[in-house]
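Architecture at a glance
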Amino acid sequence: MGKIAFVFPGQGAQYVGMGRDVFEKNPLSREIFEIADKTLGYNLSDLCFNGPEEKLKLTIHTQPAILTTSIACYQLIKEEGIKPDFVAGHSLGEYSALVVAESMSFADAVKLVEKRGMYMQEAVPAGEGTMAAILGLDIAKVEELCHICSDEGIVEPANFNCPGQIVIAGQTPAVNKAVSLAKEYGAKRAMVLSVSGPFHSSLLKPASIKLAETIKNVQVNDPQIPVVANVNAQIVSTGEEVKEALITQVNNSVKWEQSIKLLSDKGVTTFVEIGPGKVLSGLIKKIVPGAKLLNIEDMASFEKTLVQLKEGV
């Protein structure tokens, strides 16, 4: 049997009702939600389970909500004693991966991602920056497109999600220009995303600086499970490397495709997506065709995944 990686979703995977099932049926999962509520000083659990969606979509809430749901879901598999060979997370999901790797405590992580959400939100005034998905172009073509549109402002590749799906970010006029020119460059589709800022672009440098200040006071240990970092698609193995990767990640692109390729090269054949939704499974399918894709977001998916992992199929 090949190796197993646990992967954790980032912003955009949230939905009202996420985590409720595991909260109601598993005491350890419930405990995670209780720690989050206590640490943040408001009822995050209620926001995850009941919304309203508009409030859940605010970056400052979304980030702790997805992290909390992911770690609550992880408790189910942890109880079974199943350990992954590697962990990775998409953008915000990297914090979930680090909690699982015992690089930081859940309480520290949930507080830190709330602040990260706030810093990211504050970095660029609303409406001044955005993101867009470009489908059907390779990396070189997307970089060329960004270069051509930079006369309208900053625009850069932000997420290398999978072959043929790259997200760009930057100042709104430049992103809009790139979307309108994308077809000429051979893109199948290009669409502006409903996000509140140009995440993972150089415009987020102010957020990166603030995060660097905050993270100084957080206990970050050497990961106990190899973690693949977004920023360079390499394994980070010391607490210092982890801090550096998290600080740099805010205003640099997420190399998801490259990270998954690295895991595949290291012998990973089974990917378990833990947390809300199945966004990452869809991407991994395109990066490593034939990989075994499992997920845990509620009791039903957990039970199904557990059977498959125990059979070693």
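Let me begin by describing the structure that accompanies this report. One numbering rule holds for all chains: residues counted from 1, following each sequence as written. In view of the model being predicted, local features appear only for residues whose pLDDT reaches at least 70, and side-chain atom pairs are presented and counted only at 80 or more, with totals across whole chains, interfaces and linings using the full set of residues. Side-chain metrics in this entry use all non-hydrogen atoms of the structure; hydrogen atoms and water are not considered.

Some details on the sheet that holds strand β6 (residues 189-192)
Reading across from one edge, β4-β5-β3-β6 is the order of the 4 strands in this open sheet, with antiparallel pairing throughout. Lying at the two open borders of the sheet, with one neighbouring strand each, are β4 (155-162) and β6. For this sheet, the mean angle separating the axes of adjacent strands, direction not counted, is 20 degrees. DSSP-based pairing: two strands are paired if at least 2 bridges between them are found. Note on conventions: DSSP H or I runs of at least 4 residues are helices, E runs of at least 2 residues are strands, and numbering of each starts at the N terminus. Where strand β3 (residues 129-135) and strand β5 (residues 165-171) come together, 7 bridges link them in antiparallel fashion. Each axis is a line fitted through C-alpha atoms, and for a helix only the stretch in contact is used; angles between axes span 0 to 180 degrees, taken between their N-to-C directions.

A short note on the environment of alanine 5
Within the secondary structure layout, alanine 5 lies in strand β1 (residues 3-8). Relative accessible area serves as the criterion here: at 0%, alanine 5 is assigned to the buried category. Note: C-alpha distance between alanine 5 and valine 179 (174 residues apart in sequence) is 34 Å. The criterion used for residue contact is that any of the two residues' heavy atoms lie within 4.5 Å. Those residues within four positions of alanine 5 in sequence are excluded, and the remaining contacts are Pro84, Phe86, Leu263, Val268, Thr270, Phe271 and Val272. Only protein chains enter the accessibility calculation, which uses a 1.4 Å probe; a residue is then buried when its area is under 20% of its type maximum, exposed when over 50%, and partly exposed in between.

Brief notes about the pairing of β1
Most of β1 is tucked away: 5 of the 6 residues are buried. Of the pairings in the sheet, the one linking β1 to strand β9 (residues 268-274) comprises 5 bridges and is parallel in character. Following the sheet pairing, alanine 5 is matched in β9 by phenylalanine 271. Pairing between β1 and strand β2 (residues 86-89): 4 bridges, direction parallel. Bridged to phenylalanine 6 within β2 is valine 87.

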